[in-house]
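# Chains, contacts and geometry: an overview
Listed here are the chains, written in short residue letters.
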Amino acid sequence: MMGAGMSRKRLAIAATVLAMAAMPTLRSAQADDQDFALIERGRYVAVAADCVACHSLPGGKPYAGGSPLYTPFGTLVAPNITPDRETGIGNWTEEDLRRTLREGIGRGGKRLYPAMPYPAYTRMTDDDIRALWTYLRTREPVSNAVEANQLPFPFNIRLLMAGWNLLNFEPERFKPDPDKSPEWNRGAYLVQSLGHCGTCHTPKTMLGADDTDRALQGANLQGWYAPAITADPRQGIGDWTTDQLVAYLKTGANHQTLASGPMAEAIQNSTSKMTDADLKAIAAYLLDQKPPEAGAPARLAADDGRMRTGEAVYADTCMACHGGDGKGQTFLFPTLADSGVVQADDPATLIRLVLDGSRAVATDDRPTGPAMPPLGWRLDDAQVAAVVTYIRNSWSNAAPPVSADEVARMRKTLAQAH
Ligand code: HEC
Ligand code: HEC
Ligand code: HEC
């Protein structure tokens, strides 16, 4: 009896003390919770939009400014966007950031080059921009002055951008499709806006704007080819299931392929850190993008001279890993048969991988990426052209042949990038 009375009294005192201690701070604690939720949301928006990719040096301070970005206009460097007052965006307001994302206008009203993917970010919602702003304000300020514009004449004239904008860029809002599910619309928002997938996967017009009639149908990135990610069964990913696509975006590997180059980076920084629900939403949207039916090109005959040379090179240099049936080994060596990358009209990625090799993506789920060795030192241009032509026209594959000239050009591009 007595024990119970005591403890009730103690409890009562404890509760009063707690209440008194909590009272003055109750408001700010609530505000902190709200801020925390907003900051956390902003962190996720930054991940889904992959802001860190361009605005940081590999291994450098996040958001303090990036490494040179090779664009069709020339070389650009992404500036410092930490809250540093002198060299970052410490003096900016939320409205300034909104103008950058929505309208492509940077510091001092200058028109930005579309290497900053504002043609995609223009569709960001107000809520996402507010969260992103709140998050960026909490980053460590870093003093680092960056000269963004390293373009050669005449592209270094920002005035040109005013012309580009007038012709090609309209600030836009994301328009949900009321006939589609909320999941599909979330996927559309992620692909078209935050994920800016079209920046790499959509072919460009002569002026560098997205060719919207061919959205996501594959594009050349100066040394890489980002293949079609539409539901096209031959060049795209129409024969992937939702789970296979989610596995690729989450881990960089699936039944068919391993991600390399710029996509490995996008997976590492961005999609591998997104929620499963968001990755499924992306799949719901992409696997519903049906481009007009295009017939497969005629397959090269097996007794064509290029095919014969290619077969010999393949047996000698590739078969040990990719297999005589072109099926590779799941999660180790990509399948070359029935592959969108292998059959893409543009063979840039294939040529480059054979010349230069590549290490596949490493993610938390798959920490060691297997590597393809560089073979450019062993094979001459004609041999590389032949083996690439061979894998494009073997098993059930069919795609235009590749010339030694194309290989020579890629060797030059790679020599410049090294
Ligand atoms: C593909 C690379 C890339 C990505 C991704 C990217 N940026 Fe940029 N950003 C750039 C480049 C390049 C510039 C400079 C463009 C210019 O000077 O014309 C730039 C400019 C800016 C500026 C203007 C700064 C100034 O000093 O005028 C801001 C702000 C900015 N980016 C914020 C962001 C945010 C926030 C994200 C993510 C939502 C992001 N960027 C994603 C490449 C990128
Ligand atoms: C910085 C450029 C870049 C961005 C941004 C990018 N991709 Fe890619 N993507 C590539 C390249 C290059 C490849 C080819 C890589 C390879 O062959 O391993 C690729 C490959 C892929 C593939 C595999 C296709 C196949 O047939 O093997 C899928 C799926 C994909 N990307 C989806 C996406 C999605 C979804 C987004 C947006 C969330 C996105 N990508 C954003 C450059 C990019
Ligand atoms: C030692 C094993 C090995 C050898 C030999 C090898 N590869 Fe690879 N290959 C790989 C690995 C591992 C990858 C994945 C690398 C990545 O994604 O970055 C790959 C990727 C590829 C891809 C990209 C496929 C995709 O879905 O993205 C092609 C095409 C390719 N190899 C063709 C060849 C050809 C042609 C040869 C011979 C000239 C060859 N490989 C020799 C291991 C090998």
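Model, not experiment: these values are computed from the prediction. (Residues numbered from 1 in each chain as written. Chains lettered and ligands numbered in written order. Predicted model: local features only at pLDDT ≥ 70, side-chain atom pairs only at ≥ 80, totals over all residues. Heavy atoms only, no water.)

### Brief notes about the packing of helix H10 (residues 242–251) against helix H12 (residues 276–286)
The contact between H10 and H12 brings their axes to 9 Å, and the two run at 125 degrees. Taken together, the axes of H10 and H12 lie oblique to each other. The way H10 lies across H12 gives a crossing that is right-handed. The segment H10 lies against H12, with Thr242, Leu245, Val246, Leu249 and Lys250 engaging Asp276, Leu279, Lys280, Ile282, Ala283 and Leu286. (Axes fitted to C-alpha atoms, helices over the stretch in contact; angles between N-to-C directions. Helix = DSSP H or I, 4+ residues; strand = E, 2+ residues; numbered from the N terminus. Parallel < 35°, antiparallel > 145°, perpendicular 65-115°, else oblique. Left-handed = near helix turned anticlockwise from the far one by under 90°. Contact = heavy atoms within 4.5 Å.)

### So, the coordination of the iron atom of ligand 1
Donor atoms from the polypeptide that coordinate the iron atom of ligand 1 comprise His55 (NE2) and Met116 (SD), at 2.0 to 2.2 Å from the metal. What the 6 donor atoms of the iron atom of ligand 1 show is an angle range of 86 to 180 degrees at the metal, which sorts the shape as octahedral. With histidine 55 in helix H3 (residues 51–55) and methionine 116 in the loop between helix H4 (94–103) and helix H5 (118–121), the pair connects residues that are 61 residues apart, well separated along the chain. In this pair, the class of histidine 55 matches that of methionine 116, namely buried. (Donors = N, O, S within 2.8 Å, 3.2 Å for Na, K, Ca; no water. Tetrahedral: all angles 85-135°; square planar, octahedral: opposite > 155°, others 65-115°. Buried < 20%, exposed > 50% of the residue type's maximum accessible area, 1.4 Å probe, protein only.)

### A closer look at the packing of helix H8 (residues 182–194) against H12
Axis separation between H8 and H12 bottoms out at 7 Å; the angle between their running directions is 90 degrees. By the angle between their directions, the pair H8 and H12 is classed as roughly perpendicular. From H8, Glu183, Trp184, Arg186, Gly187, Ala188, Leu190, Val191 and Gln192 reach across to H12, where they touch Asp278, Lys280, Ala281, Ile282, Ala284, Tyr285 and Leu286. Among the residues making up the contact of H8 with H12, the classes are represented as 9 nonpolar, 2 polar and 4 charged. (Nonpolar A, V, L, I, M, F, W, Y, C, P; charged D, E, K, R; others polar.)

### Looking at the coordination of the iron atom of ligand 3
Donor atoms from the polypeptide that coordinate the iron atom of ligand 3 comprise His322 (NE2) and Met372 (SD), at 2.0 to 2.1 Å from the metal. Residue histidine 322 is classed as buried on the basis of its relative accessible area, which comes to 11%.

### Quick word on the environment of aspartate 405
Its location among the elements puts aspartate 405 in helix H18 (residues 404–417). For aspartate 405, a relative accessible area of 54% corresponds to the exposed category. Expressed as a C-alpha distance, the spacing of aspartate 405 and alanine 385, which sit 20 residues apart in the sequence, is 8.6 Å.

### Overview of helix H13 (residues 305–317)
Helix length check: H13, at 13 residues, gives a terminal C-alpha distance of 18 Å against a target of 18 Å (1.5 Å per residue), a fit within 8%. Within the sequence span of H13, burial applies to Met307, Gly310, Val313, Tyr314 and Thr317. End-on, the buried residues of H13 take up no more than an arc of 125 degrees, which puts them together on one face. Turned more than 90 degrees from where H13 packs its buried face, Arg308 and Asp316 sit exposed. (Expected span 1.5 Å × (residues − 1). Arc of directions from axis to C-beta.)

### Concerning the packing of aromatic side chains
All chains considered together, the criterion is met by 8 aromatic pairs. When the ring of tyrosine 63 is compared with that of tyrosine 135, the centres are 6.5 Å apart and the planes differ by 80 degrees; the resulting orientation is edge-to-face. A residue pair is termed long-range when its members are at least 10 positions apart, and tyrosine 63 in the loop between H3 and strand S1 (68–71) and tyrosine 135 in helix H6 (residues 126–137) qualify at 72 residues. Of the two residues, tyrosine 63 and tyrosine 135, neither departs from the other in class, the shared state being buried. Their ring planes at 65 degrees and their centres at 5.7 Å tell us that tyrosine 314 and tryptophan 395 sit as a pair that is edge-to-face. You can see tyrosine 314 sitting in helix H13 and its partner tryptophan 395 sitting in the loop between helix H17 (381–392) and H18, a full 81 residues away along the chain. Given the relative accessible area of 2%, tyrosine 314 is considered buried. Residue classification places tryptophan 395 among the partly exposed positions, given a relative accessible area of 22%. Each member of the aromatic cluster is reached from another via a ring pair, and the members are Tyr314, Tyr390 and Trp395. (Phe/Tyr/Trp six-rings, centres within 6.5 Å; stacked < 30°, edge-to-face > 60°.)

### Some remarks on the nonpolar core
The biggest cluster of nonpolar side chains holds 50 residues, and the ones touching the most others in it are Leu101, Met124, Leu132, Leu194, Leu245, Ile282 and Leu286. Broken down by element, the residue count for this core peaks at 6 residues, all from H8. Once residues lying within four places of it in the same chain are set aside, the contact partners of leucine 101 are Met116, Tyr118, Tyr121, Thr122, Met124, Ile129 and Leu132. If you look at the next biggest cluster of nonpolar residues, it comprises 26 residues, including Tyr225, Val342, Ala385 and Val388. (Core = buried A, V, L, I, M, F, W, Y, C linked by side-chain atoms within 4.5 Å.)

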